[in-house]
Amino acid sequence: MDLQIPYNTEPRPDTGLYNAKLGIWLFLASEVMLFGALFSSYVLLRTGAPSWPLGREEGLSVPLATLNTMVLIASSVTMVLAWASLKMNDFAKYRRYMGLTFLAGVGFLCIKAYEYYTKFEHHHFPSTNTFFAVYFTLTGLHGLHVIGGMVVNGYFWGPGAKMWKTDPERFTNRIEVAGLYWHFVDLVWIFLFPTLYLL
Amino acid sequence: MALVDEHAHPKHGHGEHHEPGFIGKYIFSQDHKWIGIQYGFTSLVFLLFGFTLMMMMRWALAYPGKPLPLLGMMLFKDMGGVMPPEFYNQLGAMHGTIMVFLGIVPLAVGAFGNYLVPLMIGAPDMAFPKLNMSSYWLYFCGGVAMLSSFFMPGGAAQSGWTSYPPLSDIAPSGQTMWLVGMLFLIFSSLLGSANFIVTIVQLRAPGLTWMRLPFFVWAQFVTSFLLLLAFPALQAAGMLQLMDRVAHTSFFLPSGLVISGQPLAVSGGGSPLLWQHLFWFLAHPEVYVLILPAFGIIGEVIANNTRKPLWGYKSMVYAITFLGFMSFVVWAHHMFMTGMGTVMSTFFQTTTMIISIPSVIVLTAMLISLWGGSIRFNTPMLFALAFLPMFAIGGLTGLPLGLAPTDIHLHDTYYVIGHFHYVVAPGTIFAMFAGIYFWFPKLTGRKMSEALGKLHFWPSLIAINCVFMPMFIQGLAGVSRRLYDGGASYSHAQGVLKWNVFMSMGAWTLAVAQIPFIFNLFWSIWKGQKVNSNPWEATTLEWVATTSPPLAHGNFETIPEVHRGPYDYSLPGASRDFVPQHQLQEA
Amino acid sequence: MSAHNDAESIRKEVKAYITVFFSLAVLTVLTVAVSYFHMPVTMAILVALAIAAFKGTLVASVFMHLRAERKLIYWILLLTVVFFFVLMAIPTISQWDQRMLR
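This report concerns the structure included in the present document. Every value quoted in this text rests on a predicted model; they were computed, and no experiment measured them. (Residues numbered from 1 in each chain as written. Chains lettered and ligands numbered in written order. Predicted model: local features only at pLDDT ≥ 70, side-chain atom pairs only at ≥ 80, totals over all residues.)

**What to know about the overall build of chain B**
So, step 1. Across its full length, chain B holds 18 helices and four strands.
So, step 2. A globule of 587 residues ought to have a C-alpha radius of gyration of about 25 Å, and chain B, at 24 Å, matches this closely.
So, step 3. Over its C-alpha atoms, taken along the principal directions, chain B stretches across nearly 80 × 55 × 50 Å.
So, step 4. By sequence separation, contacts in chain B at least 24 residues apart represent 79% of the contacts at least 6 residues apart. (Helix = DSSP H or I, 4+ residues; strand = E, 2+ residues; numbered from the N terminus. Rg over C-alpha atoms; globule rule 2.2 N^0.38 Å. Contact = placed C-beta atoms within 7 Å.)

Written out as structure tokens, the structure is:
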């Protein structure tokens, strides 16, 4: 569809924004409400419970989760560096950083998968108790968001990168927007990690 | 097909223009106008289906224990054609869900909003056409999932449109499909609302400042924020209930729950109230989503058919913005009977009373707008005029529900059903009819028949009041809602049972009254009176800056430039009684 | 977005990104370390959330460019934060309400 939608790439003067940037922030606002509702549910269930185990008491691995936190933070840096590379006209560098971001995502998911596996091995399932119900649901939904981000990042690393040749400014904006989403996923984990594993 | 002007293209070239094939044009269209029509058609079908479900319910209410005509022997052979209570509950839950989520919101926002907003703001399309297309198909898939629940073992969702646990957690598998459908619908809505907000903020034509926006656009703007920020709570709750049902978690199941003498084999530790909080956190803003687009439509129809600017436009804009904000802090007035303490109850009663003020401001402004106007009593205006007292009744009857002492008596009775139906049925749905009659010429270049319009309007107005007014009587007598026999087995209901037959007759008459409308709608597409591009002599951009139907590609020959407010009707010194928004000086 | 238009200012930004990365790493270690101290539950929650909030602010303001972003975005986020707190208030008032009733 080649309808010319205004302000797709160049920002609108009075708002200073291009369309997708406003769009992604609105989407992130709804995501704040989504994870907020889940956090709220967690707090309600936990404060209403007669007792609630500490993360590490129930077999959650703090070292693994700390490693995972580092992995995700690193992927956030590589993501923003990917965008910065495009801003500096260095496509090769962009490719490298975006590739690293994708790999970091893979790493995160592998560690997560291993964590889930150890839980299942010990017969800890979402149905075991509300602690595990909360743990699996929150990390599971977060994990789905990671996968979604990786699909987008993978596309922009691969077939989507064609746009750099035809419309570099628009492509750079797309990476910025994808980056905003990815940083948000990191942000959610920054709160999930202490509340599930450490408190 | 006169709905899309395929042959009208802007005269100037615009580079390569790949003509999409049939699938790209009609199935996976990215044109907001066609997507609006897709939403419109689909939602009207769902509304009709939801209406049919209700007509079956009204049989059981009027004649409990009597076999359902025609369908009875097909569906309930073993019961001799009599509707079992479980089926009545399915009808109840699905009627509510379908009307609200598959009918009204997609019609009000997906159809009217999608079609009109870009045109009214002078934009070539929505900001994200591909996203728009996905929103429609997600809605469609959600609808299919919802309806498929009827075919699940145990039947469709049957725990009310509110799906309260623990009942909904242990209900048959139709409830799972309800939840899956809901997840699709909510996702569709989230993408759509982001699209609307970006479109309205970024794509307004030059000169179209915020206070020059048609009131309809403001209404859609506030509505989109409500959808964006409130729906995620139900998305979360839906996911948690799905986990409860599929993964056997206990988010909403308390410890020690015993069902039919058997303790439930779950971990327990959950909270049924958690569901109610999350559900109503969405569902209260949702009811404003139901009414705001209606306000928008009525505003446009009134301004046009009084030949005067809307009185108090600015107040109305501030009122609906305030309303949108307040709608997030009133939800627990649906939960007064859950055992809450006085402080929480006082808080929510206070916010609920405060939120009634902006609605009064809007209604009053619309009433005053009529004063001194040259009123044209065409079909859209008749529906718009009827909307005002009908919405007033709905709003006023909300007051005793919003105050806890009276709510103690009225909660979960027919009074509630009467209240919300007045706002939604002779309220919002009448506004939808007004909008369809009003903008039909924009979509098709033809007018709907006025005679058939009046034949639709008058019986509908009378019948709809016959259906819903007696509900207040029954509710005050204490008749509970969701009773499959309409209260027949309760002694306190005996005195008001006679209204059941009356209301059912009203409902069936209402059904018959829609026939002229359905016929009119389709007949007029091909045989309606041909009109010019602005038959109502309106001022707003969708009427004055493009053809009827609008240009297929990009809506406008050139993007208009706006020089005045949206309602320059009867401007002193002007040569005509309306001045288009993009006209620099009056001729 | 004028801060991001020439190579020099991008290089400065890159420096900021690296700095934030190391800060986040250190703060993560700090979060874990603090969790091993014995402190009353409320303290523990407040400290953990405070560190998380600080980390989040770094990510949002630097990686997500919020510190150079437009007013409109701030207003949308402010609105969201207000409603987020309303959502989070649900369990609090619900609990408090229950306790008052007893």
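Following the structure, the description resumes.
**Regarding the overall build of chain A**
So, step 1. Assigned secondary structure in chain A consists of six helices and zero strands.
So, step 2. Listed N to C, the secondary structure of chain A is α-α-α-α-α-α in terms of helices and strands.
So, step 3. Each principal axis of the C-alpha distribution contributes one length, and for chain A these read about 60 × 35 × 25 Å.
So, step 4. Across the 199 residues that make up chain A, the buried fraction comes to 53%.
So, step 5. Across chain A, the fraction of contacts at a sequence separation of at least 24, relative to all contacts at a separation of at least 6, is 75%. (Buried ≥ 20, exposed ≤ 12 C-beta atoms within 10 Å, placed from the backbone.)

**What about the interface of chain B and chain C?**
So, step 1. Listed per partner, the contact involves 11 residues of chain B and 10 residues of chain C.
So, step 2. Tallying contributions element by element places helix α9 (residues 272–306) of chain B first for the side of chain B that touches chain C, with three residues.
So, step 3. Each residue belonging to the side of chain B that touches chain C can be placed in one class, and the counts come to nine nonpolar, two polar and no charged. (Nonpolar A, V, L, I, M, F, W, Y, C, P; charged D, E, K, R; others polar.)

**Details of the interface of chain B and chain A**
So, step 1. Residue-level contacts link 41 residues of chain B with 33 residues of chain A.
So, step 2. Residue assignment for the side of chain B that touches chain A shows that the elements contributing at least two residues are α7 (174–202), α8 (215–246) and α9 of chain B.
So, step 3. Take the side of chain B that touches chain A: its biggest share by element is nine residues, from α8(B).
So, step 4. In terms of residue class, the side of chain B that touches chain A is built from 23 nonpolar, 16 polar and two charged.

**Some points on the packing of helix α4 (residues 85–121) of chain B against helix α14 (residues 414–444) of chain B**
Residue and element names in this part refer to chain B.
So, step 1. Contact geometry of α4 with α14 gives a least axis separation of 11 Å together with a crossing angle of 30 degrees. Judged on the interaxial angle alone, α14 and α4 are roughly parallel. Considering how the two elements wind past one another, α4 and α14 form a crossing that is left-handed. Contacts between α4 and α14 involve Ile104, Leu107, Ala108, Phe112 and Leu116 on the former and, on the latter, Val424, Thr428, Met432, Gly435 and Trp439. (Axes fitted to C-alpha atoms, helices over the stretch in contact; angles between N-to-C directions. Parallel < 35°, antiparallel > 145°, perpendicular 65-115°, else oblique. Left-handed = near helix turned anticlockwise from the far one by under 90°.)

**Concerning helix α1 (residues 7–35) of chain C**
So, step 1. For α1(C), spanning 29 residues, the distance from its first C-alpha to its last is 42 Å, which sits close to the expected 42 Å at 1.5 Å a residue.
So, step 2. Regarding α1(C), the residues found buried are C:Val20, C:Phe21, C:Leu24, C:Thr28, C:Thr31 and C:Ser35.
So, step 3. On its buried face, α1(C) is in contact with α2 (62–87) and α6 (168–198) of chain A together with α2 (41–63) of chain C. (Expected span 1.5 Å × (residues − 1).)

**Re the nonpolar core**
So, step 1. Among the nonpolar cores identified, the biggest contains 276 residues, and A:Leu26, A:Met33, B:Ala233, B:Leu278, B:Ile298, B:Ile320 and B:Ala434 are the most heavily contacted of them.
So, step 2. Both domains that furnish three or more residues to this core are identified here as domain 1 (1–69) and domain 2 (70–102) of chain C.
So, step 3. The contacts of B:Leu278, once residues within four sequence positions are left out, are A:Ala37, A:Ser41, B:Ala233, B:Leu234, B:Ala236 and B:Ala237. (Core = buried A, V, L, I, M, F, W, Y, C linked by C-beta atoms within 7 Å. Domains from an automatic or database assignment.)

**With respect to the environment of C:Leu27**
Residues and elements named next belong to chain C.
So, step 1. By the element assignment, leucine 27 lies in helix α1.
So, step 2. By the C-beta count within 10 Å, which is 18 here, leucine 27 ends up partly exposed.
So, step 3. Taking C-alpha positions, leucine 27 is 8.4 Å from alanine 52, a pair spaced 25 residues apart along the chain.
So, step 4. Excluding its chain neighbours within four sequence positions, the residues that come into contact with leucine 27 are Ile51, Phe54 and Lys55.

**With respect to unusual backbone geometry**
Trans is the prevailing form of peptide bonds, just as negative phi is the prevailing case for residues other than glycine.
So, step 1. Residue B:Pro166 is reached from B:Pro165 by a cis peptide bond, and omega for that bond is 0 degrees.
So, step 2. Inspection of the secondary structure puts B:Pro166 in the loop between α5 (129–148) and α6 (167–170).
So, step 3. The peptide bond linking B:Ser548 to B:Pro549 adopts the cis configuration, its omega dihedral lying at -5 degrees.
So, step 4. Its identity as a non-glycine residue notwithstanding, A:His123 has a phi of 60 degrees, on the positive side.
So, step 5. Here A:His123 lies in the loop between α3 (91–121) and α4 (130–157).
So, step 6. Positive phi outside glycine occurs at B:Ser570, with the angle close to 45 degrees.

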